[in-house]
Each structure stands twice: as structure tokens, then as C-alpha cells.
Amino acid sequence: MWELLAILLLTLAYYLWPKLRHFGVKYPKSLPFLPLIGSLPFLPRHGHPHINFFKLQKKYGPIFSFRLGTKTTVIVGHHQLAKEVLIKKGREFSGRPHMVTLAILSDNQKGVAFADYGPHWQLHRKLVQTAFSLFKDGQQRLEKTILQEISFLCDFLATQNGQSIDLEQPLFLAVTNVISMFCFNSSYKYDDPDLKIIHEYNKDILDTLGSGGLVDIFPWMKIFPNKPLEIMKNAVKLRNKLLRKILKKYKEKFSTDSISNLLDVLLQAKMNSENNNNGLDQDLKLLSDEHILTTVGDIFGAGVETTTSVMKWIVAFLLHNPQLKKEIQEEIDQKIGFSRTPTLSDRNHLLLLEATIREVLRIRPVAPLLIPHKAATDSSIGEFAIEKGTHVIINLWALHHNEKEWDKPDQFMPERFLDPTRSQLISPTMSYLPFGAGPRSCVGEILARQELFLFLAWVLQRFDLEVPDDGKLPSLDGNPKVVFLINPFKVKIKVRQAWKEACTEGGM
């Protein structure tokens, strides 16, 4: 009898305590929850999480919460509330929750992607931004690096004329080399064993990130066997071993007289701190080899997988929309022709191409659910109170598929980003945040946009991308990991007749 009464009282306390603690304060509407396990039984078990959360908005509104174990998570699915979190109150929500899987990947929250808000994250993000400033458009260093790799890519595709191929490997090589030049000024050949290692650990990390299951809700469960967790640990070991080898070699030739990439910037900052002659220098503690390796790993990993994935999505949508592909090629033929190759300055002229990129980033966002934020202090979102430590997730899919903001949001319509005369790019709504916003926005956005534009412009100038002879179109359902991946597919490569003739006439 007394045991039953005690259980009843504990259950009531679990339900009522959050509300009694701040009586009269308004919190986001919550899914039902049970003692210990929280809302797990009431969350959809099948389908894509971003779509499930979007559907739940119809019942709970554009901001709602649920509990996992003892932690409260808030889902935000409207652009005004999302911008409040990301921009207006960016510092208050710039934290990152500590999760077992993310802690393994980030060496206990080092680096820039998964680090909690604090001096270490601020310092490393600032140094990454400094590195990007070395590759400014005016110096054209970034563009030249991209063009060199795309040129190699196009040379390879020309050897595949008439063949149906999976673009995964050639794209991965090109994008890896761009980010590798940015990080440590080196590149890889197709048969380089290190490239195979990079591809292997990247795949394993993507496959397992977010697949740790209950261990991220109940950390104590990591004492039990967990296959995804073991795969991730092994992948991180592979990554760190490779990066340590690179760092060791790089240190041997490092010179402060030539600062040209991310590793240079990080090592220079470390050397400056050492030369302060102050043993208590905070920056020096935050620039250990482990911190440096994690930051390079973050930029390297994010810069490769996101861009490669979006490129494949764009090709897939063009295969589904051959008339659009033809119109983009006509635009390239008219505005650029065949006497030269496209450059970034052509973005102002190839409007349909740019609109297509924007539409793919809308309909298949790189990360449908942004990496979770954490409230660093008691705050609010809209009219709702948010307590310190609450996890906050922006549902980018909901922002990009809101019927009140977008006309026919489930349809692929690049023309929505063009004015009626198709002579100017427009922003049809404020509900569009493909790279996030605020302090935690994608630090490599400029690089990604440049790569996507130049890749498409060069490839479509030279090649027809067609459905394979078996008539199999790529699936557009996707596989939502931390990055929204597309399932493998093949595309038939054909050198355009107009390009062939131009090369013959011009002796190219």
C-alpha cells in the first residue's frame, strides 16, 4: 500500500514539478511523458524525424516540447521564432548539449561544430573565420582552388563519355581536395590510400551519428554493448590518426612567414600564445594539439560531406527535370558560350542556375534539423519561457515547407526565386535559412555556394547529364542523418556536341 502511494506521489511530482516550480509561467505545449522515459512512447517511430516533427506542429503549434529522460527538448518550426533563437538571442542559445555520441566525435566538445558556448568555441570559430579571410574573393585564391579541382573533375568525366556512373567518388575527390587545400594546403590523387581512409571514416561517422539510440538519452547505458557507438569510436580513431600524421609533418615545415591556410592560422595562434611568456595564458590551453585537430576535423568533415551531398541532390533533380536542365544550358550558351569557362562573376548572369541551387537547398536542406542548441541561461522564445539547459532544435524542413510561406512547397520550382520577368533573383519569403543564421551559422557558407555554382556551370557547359539506359531515376526520398544524404544513383555522362565542336574549332 505505502509502496503504491509512493509511486503515485513520484509520478505526480514528475508531471507537476516543472509547472509548480515557476507557477504561472507559460511553457511550450508538450507531448505527453512518463516517469523516467519521458515522451519516448509518444514520439513517432517511423519516417523521417523532420517530417514527423513538422506534422506534430498541426497539433502542438510552431513551437512545442517533449522530454527524453530528464531533459526537455524544444522544437521550433517557424521562421520568426527560429530567428529569435539564432539571431536576436543568438548568444543565449549558442550552447551545445553534451551528448555521448557528439562527445566522442568532438573529443569531449572541442572544436567548433559541437563545442559548448565558451572561450574555446569563440577562439576557434574566430580563427576559422580568419583562415577564410585569407581566401577572400578579391584575391581569387578560393575560386582558383575550386576551378582547378573542377577542371580535373571535368577531365575525368570526359573519359566516361557514354557511360553511366555514380558521381560519389569523383565528386568526393574534388570537394575533399578543395577543403584540404583550405585546411593544410595539400591535395590527394584518386588512388591515394589516405583518401580511401577519409572516405571510410566519413561514411562511418555519418552512418552512426545520431544512431546511438538510448545512450544519448540515458548516458549510463554506454556501459552496455552498442555497435553504432563502437563504429563511431573506430572512425574517430582513424580520423585522428590521419590528422595527427598530417599535423606532425606540417609542424616540421611550419613558418610564420607564410600563413596561407587553416592549420597555419591555428599554429600561429598557438605560437603567439607561447611567446606571451605567461604560463597562465588561457588561449594556450585552448590551442593544444587535441583542440587544433578537432577544429580541423570539424571543418574538413563538414566541408566535404555537405557540399558533396548537395551536388548529388542537384544532379538528381535535374534528371527528374530534363527541360530545366536544357534551359540552364541554353542560359550558359547565351551568356558565356564556349570560348571561355564560367567564373564566379557569372553568378549575376546565370540566374536560372543560381535559382536552381537555391531551390535544391530549400526543398532538400543540408541539415533538415539543425544541430541542437542549448539555452545557456533562462530565456524565452516568443511568449514561452525556456529554462537554462533546455535543448532547442530548429526544424529547417518546417521553415522550408510551410504552405503559408511557400507556394506548393513540396514541388520543385526554381522559378520561385526569380521575378516574373526572370531577369532578377528574389527572396520570396523570410522563411529560408539554408545555412542557419547567427553565431552558430555555417562558417563555410561562402565556400559552399561558390563550389555549387562553379561545379554546375562547368559541368553543364560541357556535358549532358542523362538518365541511365535502364531508365532508373534517382529516389528523392533521401536518408536524413546529420546531413540529408541521397541514396546512391547513376547518371549517364555525354559530352555535349556543341562543346565538342567548339573545342575542335578553337583547338581547345
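Preceding this section is the structure that the text describes.
Summary of the structure given here.

What counts, and where the lines are drawn
Residues numbered from 1 in each chain as written. Predicted model: local features only at pLDDT ≥ 70, side-chain atom pairs only at ≥ 80, totals over all residues. Heavy atoms only, no water. Pairing = 2+ DSSP bridges. Helix = DSSP H or I, 4+ residues; strand = E, 2+ residues; numbered from the N terminus. Contact = heavy atoms within 4.5 Å. Axes fitted to C-alpha atoms, helices over the stretch in contact; angles between N-to-C directions. Salt bridge = Lys/Arg side-chain N within 4 Å of Asp/Glu carboxyl O. Buried < 20%, exposed > 50% of the residue type's maximum accessible area, 1.4 Å probe, protein only. Disulfide = S-S within 2.5 Å. Phe/Tyr/Trp six-rings, centres within 6.5 Å; stacked < 30°, edge-to-face > 60°.

Some thoughts on the sheet that holds strand E8 (residues 391-394)
Within a sheet, adjacent strands bond to each other through the backbone by hydrogen bonds, running parallel or antiparallel. What the five strands build is an open sheet, ordered E1-E2-E3-E8-E5; its pairing is mixed. Sheet topology places strand E1 (29-30) and strand E5 (373-374) at the edges, where each strand pairs with a single neighbour. As judged from the four bridges shared by strand E3 (residues 71-76) and E8, these two strands associate in the parallel manner. Residue pairing in the sheet places Val76 in a bridge with Ile394 of E8. Packing of helix H2 (residues 49-60) onto the sheet brings it into contact with E1, strand E2 (63-68) and E3, and relative to E2 it is tilted by some 115°. The strands touched by helix H3 (residues 79-88) within the sheet are E2, E3, E5 and E8, with E8 carrying the most contacts at an inclination of about 125°.

What about the pattern of salt bridges?
Here the structure, examined in full by the defined rule, presents 21 salt bridges. Between Glu230 and Lys233 there is a salt bridge, with the nearest N and O atoms lying 3.7 Å from each other. Of this pair, Glu230 and Lys233 both sit in helix H9 (residues 227-253), three residues apart, which is roughly one turn of that helix. Residue class for Glu230 comes out partly exposed when judged on its relative accessible area of 41%.

Comments concerning the pairing of E8
Burial along E8 is two-sided: the residues His391 and Ile393 and Val392 and Ile394 are all buried. Where E5 lies against E8, two bridges are found, and the strand directions are antiparallel. In the sheet register, His373 faces E8, and the bridge partner there is Val392.

Here we look at the state of the cysteines
Under the criterion given, the structure shown has zero disulfides. Between Cys442, a free cysteine, and Cys183, which holds the nearest cysteine sulfur, the sulfur-to-sulfur gap is 13 Å. Looking at the unpaired Cys503, the closest cysteine sulfur is the one in Cys154, lying at 11 Å. For Cys503, a relative accessible area of 16% corresponds to the buried category.

Observations regarding the pairing of strand E12 (residues 491-495)
Most of E12 sits inside the fold, with four of its five residues counted as buried. Strand direction decides the pairing type here: strand E4 (residues 164-165) and E12, joined by two bridges, are antiparallel. Note on E12: the bridge partner recorded for Ser164 is Lys492. Here four bridges tie strand E9 (residues 463-466) to E12, and the two strands are oriented antiparallel to one another. Counterpart to Asp464 in the pairing with E12 is Lys494.

Some thoughts on the sheet that holds E9
Judged by pairing direction, the sheet is antiparallel, and its three strands sit side by side in the order E4-E12-E9 without closing on themselves. In this open sheet, the two strands that pair with only one neighbour each are E4 and E9. Of the strands in this sheet, E4, E9 and E12 touch helix H6 (residues 141-159), which is tilted by about 65° from E9. Across the face of the sheet, helix H16 (residues 445-462) comes into contact with E9 and E12 while running at roughly 95° to E9.

Some details on the packing of aromatic side chains
Using the criterion set out here, one finds 15 aromatic pairs in the structure. Ring plane angle 70° and centroid distance 6.0 Å describe the contact between Trp406 and Tyr432, whose orientation is recorded as edge-to-face. Linking Trp406 in the loop between helix H15 (396-400) and H16 with Tyr432 in the loop between H15 and H16, this pair joins segments that are 26 residues apart in sequence. Like Trp406, the residue Tyr432 is buried in the burial classification.

Concerning the side chain of Asp464
Structurally, Asp464 can be placed in strand E9. Note on Asp464: relative accessible area 19%, which makes it buried.

Observations concerning the environment of Ala316
Looking at the secondary structure, you find Ala316 in helix H12 (residues 289-320). For Ala316, a relative accessible area of 0% gives the class buried. Sequence-wise, Ala316 and Lys189 are 127 residues apart; in three dimensions their C-alpha atoms are separated by 26 Å. Ignoring anything within four residues of it in the chain, the contact list for Ala316 reads Pro474, Leu476, Ile486 and Phe489.

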